[in-house]
Amino acid sequence: MTSALRLVGTGLFACALSLSGCSDNAPSVPDAGTSDPKPVVELTDYVDVVPTEPCMDADYAAPRANCTDPASFRLTGCDLNAVGALEPSGVYQAVLRYHATSVFGAGFRLDTNPSFLGWPLVRNQVDAQGFFVTGEVTTSSKKKQRYALAGCHVPEPGRITGCFVRCTDGVPDYSGTFDARRMNLDREEDTGAQEMRLVSETAVPEGDPVDVYVTQGHAYVVSLPRRDEAGGLSVFNVSDPAHPVFVTRVSLPTDNYWNGVWAKGDALYVASGDSGLIVYDITNPASPQYVRALPGGVIDVHTVFVDGDRLYAMSPSPNGETLLFDVTSPLDPLLLNRISVPREAGVSYPHDAFAYQDRLYVNHTRRGYVVLDVKRADWTPVLGTYAFDGQYSHANAVGTIDGRTIAFEGGERFGAHLRVLDVTHPANIQLIGQVKKRPQTSIHNMVLKGTRLYVAWYHEGVRVFDVAHPEQPKEIAAFDSFQEAHPHSTSSLYQGAIGIRVPGDGYVYAIDMSRGLLVLAEP
């Protein structure tokens, strides 16, 4: 999961509080797979759609409605019969729009533990009288901010649109429109993708599972803390993928915010939010033994990537740098360099990276997608950058396709697109293709195997694309993992398929934040 949960986890929420520009006004994105001789135009992740809701205010800063009385919303012209017929349950993700350049994403759930942005609902009314949902949050400055949503239309099953008003300490201050989709009921056009076969499903004992690495017949799953449960490392014997067996669980007393994992030989590397890169000896794969934590002291390492005898550890804080280690001796990593790129401190940091042919492709969050020359460990110049307004570069995979170096990049925010970039010439990176799903959902991780791209797309589940023709990615297989009724499911954007590995044994190992370790048959 993004280190946003730790450093800037309120990034999307902050857009709601500050009305900061979190998007760009742009036309719609061409359908993926449609032949178009024109160059692909960067349209940013959030694509603004001018609302036509009759309940919206002419001036977003002069709301007519208040946060306590449903009758204060002007709902003349709304289809209240359809709105009132909605099933009063489910998990929704919504895009809330103040105006063209100020929007934010928010989740709410209407059943089991009704909530808005993770806080208990103040009002939960979905009946013949209409749709009125009200949530209240407390800001960092101790102000009470309440959001009241009134439904207006049901454009399609699993989707509701309408208007909202925000009140601060009881006073209405801003208003806007919302477009919400129920994550388990939304319909999408047939992509021709086949349903992937679920081979096994295994719960992870504690915490929120986020990443997995498979080696020596074992799956190593790392987790973040969840409420009163510690995070840590869970080990499963997957010699029989249809029947994984939980073997052991490992954590440290004051260190269990573990977000990434990789292995080389008999060394297992864990990305720790508190002590950096933790090395375990897995000579006995069922019994990891602690070796050391590097580079020493309090440091947040969020993700790790191993390429040959080099290990790259992406560290959001305290310095926003990528640590480069020599792992010729896997159990004894040697720090060679601390790589930094020009950036605005506190705004951008390296989240993840992919090493390929002496280049390091870094997802540098708000700084963009950055390509470094790492042929020499002591000198790593920036070769090129791809960036756009409102981006949050998060994950990538790179390979050679049809004689070109092709990168697949995705952000972590609502509306995130899968981008196909020609990075053959890093100083002139070209956008050659895009794929988008529902605007309320986000990408997390991806794996490229030959000309197949496997994407963990949160609520969209696991998606597999044939990218032999990279300008036109074709979705060939999918598995919808998100289950709104699961006892661990929440209304957060960070739900569903998050981690993914394809080790080449005929199976796809995916991590769902609620369900745990899912083993799928390769399509």
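Because the structure is a prediction, the values reported are computed rather than measured.

Even after reading the chapter, I still don't get the nonpolar core, so can you show me in this structure?
One recurring pattern in soluble globular proteins is that nonpolar side chains are buried together. By size, the foremost hydrophobic cluster in this structure holds 99 residues, and its most contacted members are Leu-268, Phe-408, Leu-418, Leu-453 and Leu-517. Not counting residues up to four positions away in its chain, the partners in contact with Leu-418 are Phe-408, Glu-409, Gly-433, Gln-434, Val-435, Ile-443, Met-446, Leu-453, Trp-457 and Phe-465. Grouped together as the second largest cluster of nonpolar side chains are 22 residues, Leu-96, Leu-121, Phe-131 and Val-137 included.

How should the sheet that holds strand β9 (residues 194-195) be read in this particular structure?
Within a beta sheet, neighbouring strands are joined by backbone hydrogen bonds and run either parallel or antiparallel to one another. The strand order across the open sheet formed by 5 strands is β9-β34-β33-β32-β31, and the pairing between neighbours is mixed. Each of the sheet's edge strands pairs with one partner strand only, and the pair in question is β9 and β31 (445-449). In the sheet, strand β33 (residues 462-466) pairs with strand β34 (residues 474-479) via 5 bridges, with the strands oriented antiparallel. If you follow Asp-466 over to β34, its bridge partner there is Lys-474.

How do you make sense of unusual backbone geometry when you look at a structure like this?
Of all residues except glycine, most have a negative phi; of all peptide bonds, most are trans. Here the amide bond leading from Leu-294 into Pro-295 is cis, since omega sits at 5°, within 30 degrees of zero. Of note, Pro-295 is situated in the loop between β18 (289-294) and β19 (303-307). Residue Pro-318 is reached from Ser-317 by a cis peptide bond, and omega for that bond is 15°.

Would you mind going over the sheet that holds strand β20 (residues 310-315) with me for this structure?
One open sheet accounts for 4 strands, arranged β19-β20-β21-β22; its pairing is antiparallel. The outermost strands of the open sheet, each flanked by one partner alone, are β19 and β22 (334-339). Shown here is a sheet whose adjacent strand axes are inclined to one another by a mean of 20°, direction ignored. Inspection of the sheet shows β19 paired to β20 by 5 bridges, in the antiparallel sense. Of the residues in β20, the one forming a bridge with Asp-307 is Arg-310.

Got a minute to help me understand the pairing of strand β32 (residues 452-456) in this structure?
Within a regular strand, the side chains alternate between the two sheet faces. With 4 of 5 residues buried, β32 is to be regarded as a mostly interior element. Examined bridge by bridge, β31 and β32 share 5 bridges and lie antiparallel to one another. Within the sheet, the bridge partner assigned to Lys-449 lies in β32 and is Arg-452. Where β31 folds back on β32, the antiparallel hairpin that results is connected by 2 residues, among which Gly-450 adopts a positive phi of roughly 65°. Looking at chain direction, β32 and β33 are connected through 5 bridges and run antiparallel. Its bridge partner being in β33, Arg-452 is matched across the sheet by Asp-466. Between β32 and β33, which follow one another and run antiparallel, lie 5 residues, and Tyr-458 among them has a positive phi close to 45°.

What's the story with the state of the cysteines in this structure? I'm lost.
Linking two cysteines covalently through their sulfur atoms gives a disulfide. Under the counting rule described, the total for this entry stands at 3 disulfides. There is a disulfide in this structure between Cys-55 and Cys-163, and the S-S distance comes to 2.0 Å. Because the sign of the S-S torsion sets the handedness, a value of about 90° for the bond joining Cys-55 and Cys-163 places this disulfide among the right-handed ones. One end of the pair, Cys-55, is in the loop between α1 (11-18) and α2 (80-84); the other, Cys-163, is in strand β7 (residues 159-168), and 108 residues separate them in sequence. By relative accessible area, which is 2% here, Cys-163 ends up buried. Each sulfur in the disulfide pair Cys-67 and Cys-167 lies 2.1 Å from the other. Note on the Cys-67 and Cys-167 pair: the S-S dihedral is about 100°, so by sign convention the disulfide is right-handed. Note that Cys-67 is positioned in the loop between α1 and α2 and Cys-167 in strand β7, a separation of 100 residues in sequence.

Even after reading the chapter, I still don't get the confidence of the model for the protein, so can you show me in this structure?
Regions with low pLDDT carry predicted coordinates that are not meant to be interpreted in detail. Residue-level pLDDT values for the protein average 92, and 93% of them are 70 or greater. A low-confidence stretch, residues 3-36 (pLDDT under 50), is modelled with 91 contacts involving residues beyond four sequence positions or located in other chains.

Can you help me understand the pattern of salt bridges in this one?
Side-chain pairs of opposite charge can arise whenever the charged atoms involved come near each other. Here the structure, examined in full by the defined rule, presents 28 salt bridges. A salt bridge links Asp-45 to Arg-419; the shortest N-O distance between them is 2.8 Å. Of this pair, Asp-45 sits in the loop between α1 and α2 while Arg-419 sits in strand β29 (residues 418-422), placing them 374 residues apart in sequence. An identical accessibility class is assigned to Asp-45 and Arg-419; each is buried. Residue Lys-437 pairs with Glu-475 through a salt bridge whose shortest N-O separation is 2.5 Å. One end of the pair, Lys-437, is in the loop between β30 (430-435) and β31; the other, Glu-475, is in strand β34, and 38 residues separate them in sequence. An identical accessibility class is assigned to Lys-437 and Glu-475; each is buried. A cluster of three or more residues bridged by salt bridges with shared partners is formed by Lys-437, Arg-438, Glu-460, Arg-463, Glu-475 and Asp-480.

The rules we used
- Residues numbered from 1 in each chain as written.
- Predicted model: local features only at pLDDT ≥ 70, side-chain atom pairs only at ≥ 80, totals over all residues.
- Heavy atoms only, no water.
- Core = buried A, V, L, I, M, F, W, Y, C linked by side-chain atoms within 4.5 Å.
- Buried < 20%, exposed > 50% of the residue type's maximum accessible area, 1.4 Å probe, protein only.
- Contact = heavy atoms within 4.5 Å.
- Pairing = 2+ DSSP bridges.
- Helix = DSSP H or I, 4+ residues; strand = E, 2+ residues; numbered from the N terminus.
- Axes fitted to C-alpha atoms, helices over the stretch in contact; angles between N-to-C directions.
- Disulfide = S-S within 2.5 Å.
- pLDDT = per-residue confidence, 0-100.
- Salt bridge = Lys/Arg side-chain N within 4 Å of Asp/Glu carboxyl O.

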